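Tertiary structure, described
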Amino acid sequence: MAELTDAAARDLGVRIISPDRPGISGSAFQANRKLVDWPPILKELADDLGIGDFRMLAISGGAPYAYVTAWEMPQRVRAIAIVSGAAPIVDLSDQTGLLKLYRWMLALYRTRPKLLRTLFYLARPFATFRMPIRYGRVLLKLLQPCDAEALRDSAAFEACFESQRRAWRGSVEGVMTDAQIYAQPWGFALEEIDVPVRLWHGKEDRAFSFRVAEEAAKRLPNCEARYVDGAGHYSLPICYMREILADLISL
């Protein structure tokens, strides 16, 4: 996914460091991992790289990891940008703003977790499959028009879906542990985050609706929200990356 930032980052002179979460791709699996286990990992990485303070860019499911790091390490996190970001699901007043697939998975997680686990294993061969171009075009027809248009760029399409394939190739357990984190309490409240937050969200986002983003923004004490007309879950980070990064480094 970091490939989406490359051109804009080079233009702006920004260094992008994109670590894989535990159990994802080639990163070592960490059993019983919780969201609050992430900041110590990131602190060790930053220390090893000789980095003092830094900013964080989080796209989609990366949002909770930026939030928890800002909450745990406010002295080192200068600002965070949340793009098409996931909100604390357990805190939502109304979950109809989530993609129907997510609501279905949440229901299974609460009522039939063993079945959900089996389905994850069954999904792996399909999730790691490199889709032929002709099938990719069919997939695009299922998306919002704005997202489909942005993903017609082959580099953007590959960046988005290769990251998914690599995650599943690493281990099913890693993907399942990561997925469970979104369905669990995060261990802190958004109201406790004092670090400056830029929240970017497309008004056509179907994964996490505009309404979900508004609910999260209202809870953050130091947040400026950018709601973008005509942008969806994928097209927002693909088409607006330069603006997002330029805004973030201005903080």
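Bear in mind the structure is a predicted one, so any value in this text is a computation, not a measurement. Going along each chain's sequence as written, the residues are numbered from 1 onward. Under the rules for a predicted model, residues below a pLDDT of 70 receive no local features and side-chain atom pairs below 80 are neither given nor counted, while totals for whole chains, interfaces and linings still include all residues. Excluded from the side-chain calculation are hydrogens and water; included are all heavy atoms of the structure.

Moving on, we get to the sheet that holds strand E4 (residues 223-228). Being paired, for any two strands, means DSSP has found at least two bridges between them. Labels follow the DSSP assignment, with helices taken as runs of H or I lasting at least four residues and strands as runs of E lasting at least two, numbered in each case from the N terminus. Spatial strand order, E1-E2-E3-E4: four strands in an open sheet with parallel pairing. The sheet is open, and its two borders are formed by strand E1 (54-59) and E4, each paired with just one other strand. On average, each strand axis in the sheet is inclined to that of its neighbour by 15°, with strand direction left out of account. Throughout, a residue-residue contact means that at least one pair of heavy atoms, one from each residue, lies within 4.5 Å. As a rule, the C-alpha atoms of each element are fitted with a line to give its axis, helices using only the stretch in contact, and angles between N-to-C directions run from 0 to 180 degrees. With respect to the sheet, helix H3 (residues 63-72) is in contact with E1, strand E2 (77-83) and strand E3 (197-202), its orientation differing from that of E2 by roughly 160°. Strands E1, E2, E3 and E4 of the sheet are contacted by helix H12 (residues 241-249), whose axis makes an angle of about 150° with E1.

A few words on the packing of aromatic side chains. Working definition: rings of Phe, Tyr and Trp (its six-membered ring) pair if their centres are within 6.5 Å, and the pair is stacked with planes under 30 degrees apart, edge-to-face with planes over 60 apart, and tilted otherwise. As enumerated under the stated definition, the model contains nine aromatic pairs in all. Their ring planes at 80° and their centres at 4.8 Å tell us that Phe 210 and Tyr 227 sit as a pair that is edge-to-face. Residue Phe 210 is located in helix H10 (residues 210-219), and its partner Tyr 227 is located in strand E4; the two are separated by 17 residues in the primary sequence. Only protein chains enter the area calculation, which uses a 1.4 Å probe; residues under 20% of their type maximum are buried, those over 50% are exposed, and those in between are partly exposed. Judged by its relative accessible area of 24%, Phe 210 is partly exposed. Note on Tyr 227: relative accessible area 27%, which makes it partly exposed. Pairwise contacts between aromatic rings join Tyr 67, Trp 71, Trp 186 and Phe 188 into one cluster.

Here we come to the environment of Ile 41. Topologically, Ile 41 is positioned in helix H2 (residues 38-48). Accessibility expressed as a relative area gives 32% for Ile 41, which makes it partly exposed. Apart from the residues within four sequence positions on either side, Ile 41 is in contact with Pro 22 and Gln 30.

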